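Listed below are the residues making up each chain.
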Amino acid sequence: MKTNAPETEAEVDGAKFKPLTALEAQQWRQRNPPVSIWRIVFLQALVGLAVALVAWLVSGRSHVAWSAAYGALAVVVPAALFARGMVRQRVSAGAALVGMFGWELVKIALTVAMLAAAPRLVPGLSWLALLVSMVVTMKTYWIALMVRPGVRKPVDI
C-alpha cells in the first residue's frame, strides 16, 4: 500500500507551503465565521426537547419522555458549564489548553454524576430513552458546524 506522506525530513522541508497573506487571511475569516458556543448549546437544548417530545408521542408514556428529557439535560447542563468556563478564560494559549482539559474533566464528572442520580430523580426511568436522547443531543454540534455559513464554499486561494 502506497502512502502520500513524506518519508524523510528533507521531503517535509521541501514541501511547498505558502503562508496566507493578510488579505487572504481576512477573506478566509469572512468565509469561515466563528461559531458561537452558546448557539451550539442552545441547539442541543432544542434538539433534546424535540427528542423528549418525540419519545412521548411515540411511546405515549410520560416517564419515557422524562427519561429522554433528563438524558438531554445530562448533555446540555455540562456543555453549558464547559462553555461558560471556556468563554471566561483570558489567558495564553498554553493555559487555555490546560483550562480546556480541566473544564472537559468537570463536564465528564458532572455527566457521570447526573447519570448516577438518574434512577433517583426520574421515576420509572427508561435507560433506552435516556441514552438515545443523550446520543442525539451530543451529536447536534456536528449539525451546527455543518450548517454554519460558509462551510461549503470553495477556497479561492
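Within every chain, residues take consecutive numbers counted from 1 along the sequence as written. Per-residue local features are limited, in this predicted model, to residues with pLDDT of at least 70; the limit for side-chain atom pairs, both in listing and counting, is 80 or more; totals at the level of whole chains, interfaces and linings are taken over all residues. To get the side-chain values, all heavy atoms of the structure are used, and hydrogens and water are removed first.

1. Remarks on the layout of surface pockets
Any residue with an atom within 4 Å of a point lines the site, the site being either a cavity, points on a 1 Å grid over the protein atoms alone where a 1.4 Å probe fits but cannot get out, or a pocket, an open set with protein on both sides within 12 Å along at least 5 of 7 lines. Grid points are joined across faces, edges and corners, and a volume is the space filled by probe spheres set on the points. By volume, the largest pocket is sized at about 430 Å³. Around the largest pocket, the lining comprises 21 residues; the ones closest to its centre are Gln44, Ala79, Lys107, Met138 and Tyr141. Secondary structure is summarised from DSSP: a helix means a run of H or I of at least four residues, a strand means a run of E of at least two, and numbering begins at the N terminus for each. Residue assignment for the lining of the largest pocket shows that the elements contributing at least two residues are helix 3 (37–59), helix 4 (62–87), helix 5 (93–121), helix 6 (127–138) and helix 7 (140–146). Classes in brief: Ala, Val, Leu, Ile, Met, Phe, Trp, Tyr, Cys and Pro nonpolar; Asp, Glu, Lys and Arg charged; the others, Gly included, polar. In the lining of the largest pocket, the residues fall into 16 nonpolar, two polar and three charged.

2. Observations concerning the UniProt feature "transmembrane region" (unreviewed entry) in the chain
UniProt positions are given in the numbering used here, feature names are shortened, and annotations may be inferred rather than shown by experiment. Here the UniProt feature "transmembrane region" (unreviewed entry) sits at residues 37–58, 64–83, 95–118 and 124–144. Secondary structure content for residues 37–58 is 100% helix and 0% strand, and the end C-alpha separation is 31 Å. Helix makes up 100% of residues 64–83 and strand 0%, and the two end C-alpha atoms of the span are 29 Å apart.

3. Section: the nonpolar core
Residues Tyr70, Ala74, Val75, Met114, Ala118, Val122, Leu125, Leu130 and Met134 constitute the largest nonpolar core, which totals nine residues. Sorting the residues of this core by element identifies helix 4, helix 5 and helix 6 as the ones contributing at least two each. Those residues within four positions of methionine 114 in sequence are excluded, and the remaining contacts are Tyr70, Leu73, Ala74, Val77 and Pro78. Take the buried Ala, Val, Leu, Ile, Met, Phe, Trp, Tyr and Cys residues and link them wherever side-chain atoms come within 4.5 Å; each set so joined is a nonpolar core. Only protein chains enter the accessibility calculation, which uses a 1.4 Å probe; a residue whose area is less than 20% of its type maximum is buried, one above 50% is exposed, and one in between is partly exposed. In terms of nonpolar packing, the next biggest core, distinct from the first, is built from six residues, Ala52, Val64, Ala68 and Ala129 among them. Contacts were defined at the residue level, with two residues in contact if any of their heavy atoms lie within 4.5 Å.

4. Here we look at the environment of alanine 50
Mapping alanine 50 onto the fold places it in helix 3. We classify alanine 50 as partly exposed; its relative accessible area is 37%. Each C-alpha atom of the pair alanine 50 and alanine 72 lies 9.8 Å from the other, and the pair is 22 residues apart in sequence.

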